[in-house]
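Chains, contacts and geometry: an overview
Residues per chain, in single letters:
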Amino acid sequence: MSERIHAHQLYQPMLYPKHRQQKNTDQSFQSVFHKELENQLTVSKHAQKRLQDRNIKISETSWNKISEKVIEAGQKGIKDSLVIMKNVTLVVNAPNQTVITALDRNESTSQIFTNINGAIVIDE
């Protein structure tokens, strides 16, 4: 008499111990954490030179607020944003989280900004 083996009898799923599952959760948290770190603004060489040449200082608190607002703008579909603050005007590419250029606030009063599809005003 021949014995039939069904496909479901050949495949036995392997269950991982709980500590392995916990490790996967940690890795997921770690990847989310690193992704959040990547959400920090970068400053292009051009913008860096502009900031230095014009002696423009931006506090860490202000950079954090700018970064937060640029992320929010990106979530709303804004590609290039004009960030207007009390002492500086920045053009920031939201998807790349990159400051493209920087102008002293007085210098930007008579400028025309093109290729901008959003504006962020920060009272700092």
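The sections below set out a description of the structure shown in this document. (Residues numbered from 1 in each chain as written. Predicted model: local features only at pLDDT ≥ 70, side-chain atom pairs only at ≥ 80, totals over all residues. Heavy atoms only, no water.)

What to know about the pattern of salt bridges
Applying the stated rule across the entire model yields 4 salt bridges. The salt bridge partner of K49 is D53, with a shortest N-O separation of 3.0 Å. Of this pair, K49 and D53 both sit in helix α3 (residues 45-53), separated by 4 residues, roughly a single helical turn. Overall, K49 belongs to the partly exposed group, its relative accessible area being 48%. Residue E124 is joined to K65 by a salt bridge in which the shortest nitrogen-to-oxygen separation is 3.8 Å. In this pair, E124 sits in the segment after β5 (118-121) while K65 sits in helix α4 (residues 60-75), placing the two residues 59 residues apart along the sequence. For E124, a relative accessible area of 30% gives the class partly exposed. (Salt bridge = Lys/Arg side-chain N within 4 Å of Asp/Glu carboxyl O. Helix = DSSP H or I, 4+ residues; strand = E, 2+ residues; numbered from the N terminus. Buried < 20%, exposed > 50% of the residue type's maximum accessible area, 1.4 Å probe, protein only.)

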